[in-house]
Amino acid sequence: MSMREDAISDDDRVFKALASSTRRRMLDVLKESSCTTGELCSRFAELDRTTVLQHLRVLEGAALVTGRKVGRERHLALAPLPIKRIHDRWIGEYARAAVEFLDRLDQG
């Protein structure tokens, strides 16, 4: 697999992870501050622990969340680089094209 194909595969995992409103809410929690797995589960009391952990696995698979063991606890943190990569590749390019188009309309 080429580097370009690897990047597309990574992007696919990020888009899949971001497709779920529950996972986006989890990222919002982690954006506020790091927390333990138990704390994250308590923030999503409407879901059972297994469901929260399944969502967390998808986020970790997309490299959006990192976890490190501290004693018996697992501390989770947001990993913003995959989102920045998506922004730079997709959103930034489309925004630039839109601004250039609007600029041409103003001038024409």
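Refer to the structure presented above.
Residues numbered from 1 in each chain as written. Predicted model: local features only at pLDDT ≥ 70, side-chain atom pairs only at ≥ 80, totals over all residues. Heavy atoms only, no water.

Trainee: Where do I start with the pairing of strand 2 (residues 65-70) in this structure?
Mentor: Two faces, one strand: in a regular strand the side chains alternate between the faces of the sheet. In this sheet, strand 3 (residues 73-78) lies alongside strand 2 in antiparallel orientation, the contact comprising 6 bridges. Paired with Arg-68 across the bridge in strand 3 is His-75. What sits between strand 2 and strand 3 in their antiparallel hairpin is a turn of 2 residues, with Gly-71 showing a positive phi close to 65°. (Pairing = 2+ DSSP bridges. Helix = DSSP H or I, 4+ residues; strand = E, 2+ residues; numbered from the N terminus.)

Trainee: Please explain helix 2 (residues 21-32) as it appears in this structure.
Mentor: For an α-helix, the turn length of 3.6 residues means that residues three or four places apart are oriented alike. Spanning 12 residues, helix 2 covers 17 Å between terminal C-alpha atoms, matching the ideal 16 Å at 1.5 Å per step. Of the residues making up helix 2, those classed as buried are Thr-22, Arg-23, Met-26, Leu-27, Val-29 and Leu-30. Viewed along the axis of helix 2, the buried residues span an arc of 155°, placing them on a single side of the element. Turned more than 90 degrees off the buried face of helix 2, the exposed positions are Lys-31 and Glu-32. Measuring from the backbone nitrogen of Thr-22 back to the side-chain oxygen at the start of helix 2 gives 3.3 Å, which picks out Ser-20 as the cap. (Expected span 1.5 Å × (residues − 1). Buried < 20%, exposed > 50% of the residue type's maximum accessible area, 1.4 Å probe, protein only. Arc of directions from axis to C-beta. Polar contact = N/O pair within 3.5 Å; in protein donor to acceptor, adjacent residues only side chain to side chain.)

Trainee: Would you mind going over the pattern of salt bridges with me for this structure?
Mentor: It is possible for side chains of opposite charge to pair when their charged atoms get near one another. For the coordinates displayed, the defined rule picks out 7 salt bridges. One salt bridge connects Asp-10 with Arg-13, and the closest N-O pair in it is separated by 2.5 Å. Of this pair, Asp-10 and Arg-13 both sit in helix 1 (residues 3-18), 3 residues apart, which is roughly one turn of the helix. You can call Arg-13 partly exposed: its relative accessible area is 37%. The partner of Glu-46 in a salt bridge is Arg-25, and the shortest N-O contact between them spans 2.6 Å. Residue Glu-46 is found in the loop between helix 3 (37-43) and helix 4 (49-61), and its partner Arg-25 is found in helix 2; the two are separated by 21 residues along the sequence. Connected through salt bridges with shared partners, the residues Asp-11, Arg-85 and Arg-89 form a single ionic network. (Salt bridge = Lys/Arg side-chain N within 4 Å of Asp/Glu carboxyl O.)

Read these as spatial facts, not as claims about activity.
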